[in-house]
Amino acid sequence: DGKVHIRDLFEMRLIFEPEAAYYATLRASDQELEQIFYYGRLIEEKIKKNEDRTEVEQKFHRAIANATHNVYMEKLMPVLYQAIDKGVVLSQLHDMLVKDTIRDHQLIMEFMKARNAEGAKSAMKIHILHAMKELGIDK
């Protein structure tokens, strides 16, 4: 069943992405943070212009993963990309998910900018939970 596979992908995101946001917030250089914020703003622009944001969404999450400075994060990127690809396609059918994405990304970036690792971790978890709820895969 396709929904089960999507749920599995998003559960994997729940397992590692909040922690990635935590460590990225602690370890990112100012330049790495700026790169994360750049992609975050670009995603918002693409959403507002109704343009495909898949590639930029991947770059945003990869920039966070890279900022953890953990060599094993690279091995998790294919799972993350699969989940993002499916999420972006499905989000086009869910207006609330698109609004949540903008708000959630802003919150993640706000906590990262303040170097509040716990806040960034929580915001990332909420972001993924919002997506799962809107996609009906939170059960």
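Residues numbered from 1 in each chain as written. Predicted model: local features only at pLDDT ≥ 70, side-chain atom pairs only at ≥ 80, totals over all residues. Heavy atoms only, no water.

Digging into the pattern of salt bridges
A side chain of one charge can pair with a side chain of the opposite charge if their charged atoms are brought near each other.
Next up, step 1: Scanning all chains against the criterion turns up ten salt bridges.
Next up, step 2: Its salt-bridge partner being Lys46, residue Glu51 comes within 3.3 Å of it at the nearest N-O pair.
Next up, step 3: Glu57 is the partner of Arg53 in a salt bridge, and the nearest nitrogen-oxygen pair spans 2.9 Å.
Next up, step 4: Of the residues examined, Arg53 reaches a relative accessible area of 7% and is grouped as buried. (Salt bridge = Lys/Arg side-chain N within 4 Å of Asp/Glu carboxyl O. Buried < 20%, exposed > 50% of the residue type's maximum accessible area, 1.4 Å probe, protein only.)

Digging into the confidence of the model for the protein
Next up, step 1: Per-residue confidence for the protein gives a mean pLDDT of 90; residues scoring 70 or more make up 95%.
Next up, step 2: Across the protein, the secondary-structure element scoring lowest on mean pLDDT is helix 4 (residues 73–91), at 83, and the one scoring highest is helix 2 (residues 30–48), at 96. (pLDDT = per-residue confidence, 0-100. Helix = DSSP H or I, 4+ residues; strand = E, 2+ residues; numbered from the N terminus.)

Description of the environment of Val98
Next up, step 1: Summarising the element assignment, Val98 is placed in helix 5 (residues 95–113).
Next up, step 2: The buried category is assigned to Val98, whose relative accessible area is 18%.
Next up, step 3: Excluding residues that lie within four positions of it along the chain, Val98 makes contacts with Ile47 and Ser91. (Contact = heavy atoms within 4.5 Å.)

Here's the deal with the side chain of Glu32
Next up, step 1: Position of Glu32 among the secondary structure elements: in helix 2.
Next up, step 2: We note that Glu32 is buried and unpaired, the nearest opposite charge coming from Arg115 at a distance of 7.2 Å.
Next up, step 3: Looking at Glu32, its side chain comes within polar contact range of the side chain of His69, at 2.9 Å.
Next up, step 4: Excluding anything up to four places from it in sequence, Glu32 contacts Arg27, Asn66, Ala67 and His69. (Lys, Arg positive; Asp, Glu negative; His and termini not counted. Polar contact = N/O pair within 3.5 Å; in protein donor to acceptor, adjacent residues only side chain to side chain.)

A few points about the packing of helix 2 against helix 5
Next up, step 1: One way to put it is that helix 2 packs onto helix 5 with a least axis distance of 10 Å and a crossing angle of 165°. Compared by their axis directions, helix 2 and helix 5 come out roughly antiparallel. As helix 2 packs across helix 5, the resulting crossing turns out to be left-handed. Facing Leu33, Ile36, Phe37, Gly40, Arg41, Ile43, Glu44 and Ile47 of helix 2, the residues of helix 5 in contact are Val98, Thr101, Ile102, His105, Gln106, Met109, Met112 and Lys113.
Next up, step 2: The class makeup of the residues in the contact of helix 2 with helix 5 is nine nonpolar, four polar and three charged. (Axes fitted to C-alpha atoms, helices over the stretch in contact; angles between N-to-C directions. Parallel < 35°, antiparallel > 145°, perpendicular 65-115°, else oblique. Left-handed = near helix turned anticlockwise from the far one by under 90°. Nonpolar A, V, L, I, M, F, W, Y, C, P; charged D, E, K, R; others polar.)

A short note on unusual backbone geometry
Next up, step 1: Of note in this structure, His69 is not a glycine but carries a positive phi near 60°.
Next up, step 2: Mapped onto the elements, His69 comes out in the loop between helix 3 (54–67) and helix 4.
Next up, step 3: We note that Arg115 has phi near 60°; this positive angle belongs to a residue other than glycine.
Next up, step 4: If you trace the backbone, Arg115 turns up in the loop between helix 5 and helix 6 (117–134).
Next up, step 5: Residue classification places Arg115 among the partly exposed positions, given a relative accessible area of 32%.

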